[in-house]
Amino acid sequence: MPERQHDEEADGRPDRRPAGELEAGVLAALWAAGAPLTPAAVQLELDTGLARTTVTTILTRLHAKGVVTRARSGRGYAYAPAQDAPGLTARRMHAELDKDDDRSTVLARFVSDLSPEDEDLLRDLLEGGQDASRPLPSPQPPEGPA
């Protein structure tokens with residue numbers, strides 16, 4: 001039996017965006033706002049044509065994952081990110097590391113794939129030379145011909 005296609009040609013509807021892309025957009029709107037937002041306010045910030053109910057569903061899922069916090073706002077909730085973008089990335093890295101029983105091998109392979117600049121940065125962090133709460137410098141692109 002052939003797979004059912006879900007593209008515009010097959011059923012007249014545009015492709016659906018992946019949930020991760022929608023979640024990333026909602027988080028970006030919350031980080032940019034710098035204050036808790038209701039689903040309706042997030043919907044306005046996104047300006048993508050998503051229904052408010054869709055935005056509410058995304059926020060509810062993010063809350064269940066512990067990625068956003070919520071507080072009562074009228075009859076509904078206002079949502080805020082539980083942490084900044086680097087904190088969320090670190091959390092995701094921990095979650096991936098926790099999925100494997102062989103942490104030593106995973107970490108060894110991760111470190112072996114780091115750029116020399118990132119190795120130096122990690123070494124400084126491990127030696128206590130850099131305050132992890134401060135923004136870290138972005139790695140510079142290599143100089144010379146591509």
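Throughout this document, residue positions are counted from 1 along each chain, in the order its sequence is written. Side-chain atom pairs in this predicted model are given and counted only at pLDDT of 80 or more, local residue features only at pLDDT of at least 70, and totals for whole chains, interfaces and linings cover all residues. By convention in this description, side-chain values take in all heavy atoms of the structure and omit both hydrogens and water.

Trainee: How do you make sense of the packing of aromatic side chains when you look at a structure like this?
Mentor: Aromatic ring pairs are defined here through the distance separating the ring centres and the angle between the ring planes. Any two of the Phe, Tyr and Trp rings considered here, Trp counted by its six-membered ring, make a pair once their centres fall within 6.5 Å; the pair's planes then place it as stacked at under 30 degrees, edge-to-face at over 60, or tilted in between. A full pass over the atoms with the stated rule returns 1 aromatic pair. Above the face of the Y77 ring, R70 is positioned so that its terminal group lies 4.0 Å from the ring centre. We count a charge as sitting over a ring when the NZ of a lysine or the CZ of an arginine lies within 6 Å of the ring centre and within 35 degrees of the ring normal. For the cation-ring pair, R72 lies above Y77, with the distance from its terminal atom to the ring centre recorded as 4.4 Å.

Trainee: Help me understand the nonpolar core, please; the structure alone is not making it clear to me.
Mentor: Across soluble globular proteins, nonpolar side chains have a tendency to be buried as a group. We define a nonpolar core as any set of buried Ala, Val, Leu, Ile, Met, Phe, Trp, Tyr and Cys residues linked to one another through side-chain atoms lying within 4.5 Å. Note on classification: 1.4 Å probe, protein chains only; a residue is buried when its accessible area is under 20% of the maximum for its type, exposed when over 50%, partly exposed between these limits. Counting residues in hydrophobic clusters, the biggest one holds 17 residues, and the most contacted among them are V26, L30, V42, L46, L59, L62 and V68. Numbering of helices and strands runs from the N terminus, with a helix taken as a DSSP run of H or I at least four residues long and a strand as a DSSP run of E at least two residues long. Only α2 (19-33), α3 (39-46) and α4 (52-64) provide two or more residues apiece to this core. Residue contributions to this core peak at 5 residues, all from α2. Contacts between residues were defined by any pair of non-hydrogen atoms, one from each residue, lying within 4.5 Å. With near-sequence residues (within four places) excluded, L59 lies in contact with V26, L30, P39, V42, V68 and Y79.

Trainee: Any chance you could explain a nonpolar patch on the surface here in plain terms?
Mentor: On the surface, M93, F110 and V111 cluster together to form a nonpolar patch covering roughly 260 Å² of accessible area. Tracing the backbone shows M93 in helix α5 (residues 85-98). Residues enter patches when they are more than 30% accessible in relative terms and free of salt bridges; like-charged ones are connected within 9 Å and nonpolar ones (Val, Leu, Ile, Met, Phe, Trp, Tyr) within 5 Å. Using the Shrake-Rupley algorithm and a 1.4 Å probe, accessible areas are obtained, with residue cover drawn only from the displayed protein chains. Just to be clear on terms, a salt bridge is a Lys or Arg side-chain nitrogen sitting within 4 Å of an Asp or Glu carboxyl oxygen.

Trainee: What is the right way to read the pattern of salt bridges from this model?
Mentor: Side chains bearing opposite charge may pair, as long as their charged atoms lie close to each other. Counted according to the given criterion, the structure contains 4 salt bridges. With a shortest N-O distance of 2.9 Å, K65 and E23 are connected by a salt bridge. On the criterion of sequence distance, the pair formed by K65 in the loop between α4 and β1 (68-73) and E23 in helix α2 is long-range, its members being 42 residues apart. Residue K65 is classed as partly exposed on the basis of its relative accessible area, which comes to 45%. The class for E23 is buried, based on a relative accessible area of 13%. For D98, the salt bridge goes to R103, with nearest N and O atoms at 2.7 Å.

Trainee: I keep staring at the packing of α5 against helix α6 (residues 103-112) and nothing clicks. Help me out?
Mentor: In helix packing, the relevant descriptors are the interaxial angle and the interaxial distance, both defined with respect to the helix axes. Where α5 meets α6, the axes come as close as 9 Å, and the angle between the chain directions of the two elements is 130°. With respect to α6, the axis of α5 lies oblique. Contacts between α5 and α6 involve M93, L97 and D98 from the first element and R103, V106, L107 and F110 from the second. The classification used treats Ala, Val, Leu, Ile, Met, Phe, Trp, Tyr, Cys and Pro as nonpolar, Asp, Glu, Lys and Arg as charged, and all other residues, Gly among them, as polar. Along the lines of polarity and charge, the residues of the contact of α5 with α6 split into 5 nonpolar, no polar and 2 charged. Axes here refer to lines fitted to C-alpha atoms; in helices the fit is confined to the stretch in contact. Angles between the N-to-C directions go from 0 to 180 degrees. Just so you know how the angles are binned, under 35 degrees is roughly parallel, over 145 roughly antiparallel, 65 to 115 roughly perpendicular, and the rest oblique.

By themselves, these are just geometric observations and shouldn't be taken as functional.
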